[in-house]
Amino acid sequence: MAWLWGQLFELYGSKAEIKYGEVGGEVFNSWCQKLSVLEPDDIKRGLEACLYREEPWPPELQEFMRSCLQTKQAPCHEQYLALPILKSTRDYASKCIKEIRDLLK
C-alpha cells in the first residue's frame, strides 16, 4: 500500500499530500482497509485510470475503487469504447434507411 501512496504522490505531487496525508495516517489506513479486497492488478488498473483523469486533484476512494474494478466488472467496456461513433443526423439516418431498402429489394 505504501507503493500505491508513492505512485499517487508522484502523479499528483503536493495535492496528494494535502488530500491524503502521509503513509500511516488516518486516510492511508482507511484506504488500506478498503482496498485490501483488491488484487495487485486491480490497483494498477486504478492507477492507470488516474493518468487519464482530467481532474487536477487525486480521486476520492470510491472513484479510485470504481476505476480499479471497471474492466473487471465490464470486460466488454474497452470494445464498447472502440466502436465507431454513429452519426445522428437526419441525412445519415436517411442514407441508412435507403441502404436497408436496397438490401430488401
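Structural data are supplied above this passage.
Overview of the structure.

The rules behind these values
- Residue positions within a chain follow its written sequence, with the count starting from 1.
- Given that the model is predicted, a residue must reach a pLDDT of at least 70 before its local features are reported, and side-chain atom pairs must reach 80 or more before they are shown or counted; all residues, however, enter totals for whole chains, interfaces and linings.
- The side-chain figures draw on all heavy atoms in the structure; neither hydrogens nor water molecules are used.
- In DSSP terms, a helix is any run of H or I states spanning at least four residues, a strand is any run of E spanning at least two, and both are numbered starting from the N terminus.
- Between buried and exposed lies partly exposed: a residue is buried under 20% and exposed over 50% of the maximum accessible area for its type, with that area taken using a 1.4 Å probe on protein chains only.
- Any two residues whose heavy atoms approach within 4.5 Å at even a single point are treated as in contact.
- Note on terminology: pairs of cysteine sulfur atoms within 2.5 Å are recorded as disulfides.
- Within this scheme, the nonpolar core is defined by two criteria: the residues are buried Ala, Val, Leu, Ile, Met, Phe, Trp, Tyr or Cys, and they are joined through side-chain atoms within 4.5 Å.
- Every case where a carboxyl oxygen of Asp or Glu lies within 4 Å of a side-chain nitrogen of Lys or Arg is listed as a salt bridge.
- In this description, one arc is meant: the one made by directions from the helix axis to the C-beta atoms.

### Some points on the overall build of the chain
Across its full length, the chain carries seven helices and zero strands. Reading the secondary structure of the chain in the N-to-C direction produces α-α-α-α-α-α-α. Expressed as a percentage of its 105 residues, the buried residues of the chain come to 22%. Sequence separation of 24 or more characterises 61% of the internal contacts of the chain that already satisfy a separation of 6 or more.

### Digging into the side chain of arginine 53
Position of arginine 53 among the secondary structure elements: in the loop between α4 (40-52) and α5 (61-73). We classify arginine 53 as buried; its relative accessible area is 18%. Those residues in contact with arginine 53, other than ones at most four positions away along the chain, are Tyr12, Pro58, Pro59 and Glu63.

### Brief notes about the side chain of serine 67
As for its placement among the helices and strands, serine 67 is situated in helix α5. A relative accessible area of 15% places serine 67 in the buried class. The contact partners of serine 67, leaving out residues within four places of it in the chain, are Arg45, Gly46 and Ala49.

### A closer look at the state of the cysteines
Applying the stated criterion across every chain yields a total of zero disulfides. Looking at the unpaired cysteine 68, the closest cysteine sulfur is the one in cysteine 50, lying at 8.0 Å. Judged by its relative accessible area of 0%, cysteine 68 is buried.

### What about the nonpolar core?
Among the nonpolar cores identified, the biggest contains 17 residues, and Leu4, Leu8, Trp31, Leu35 and Phe64 are the most heavily contacted of them. Elements supplying a minimum of two residues to this core: α1 (2-12), α2 (14-20), α3 (26-35), α4 and α5. Those residues in contact with phenylalanine 64, other than ones at most four positions away along the chain, are Leu4, Trp31, Leu35, Ile43, Gly46, Leu47, Cys50 and Pro59.

### As for the pattern of salt bridges
Applying the stated rule across the entire model yields four salt bridges. Among the salt bridges present, the one from lysine 19 reaches glutamate 60, with a minimum N-O distance of 3.0 Å. One end of the pair, lysine 19, is in helix α2; the other, glutamate 60, is in the loop between α4 and α5, and 41 residues separate them in sequence. The class of lysine 19 is partly exposed, set by a relative accessible area of 28%. In this structure glutamate 60 comes out as partly exposed when scored by relative accessible area, which is 46%.

### As for α1
Owing to its 3.6 residues per turn, the α-helix aligns residues three or four sequence positions apart on the same side. The complete set of buried residues in α1 reads Leu4, Trp5, Leu8 and Tyr12. In a view along the axis of α1, the buried residues occupy a sector of 100°, so they form one face of it. Looking one or two places after α1, you find glycine 13, whose phi comes out positive at around 60°.

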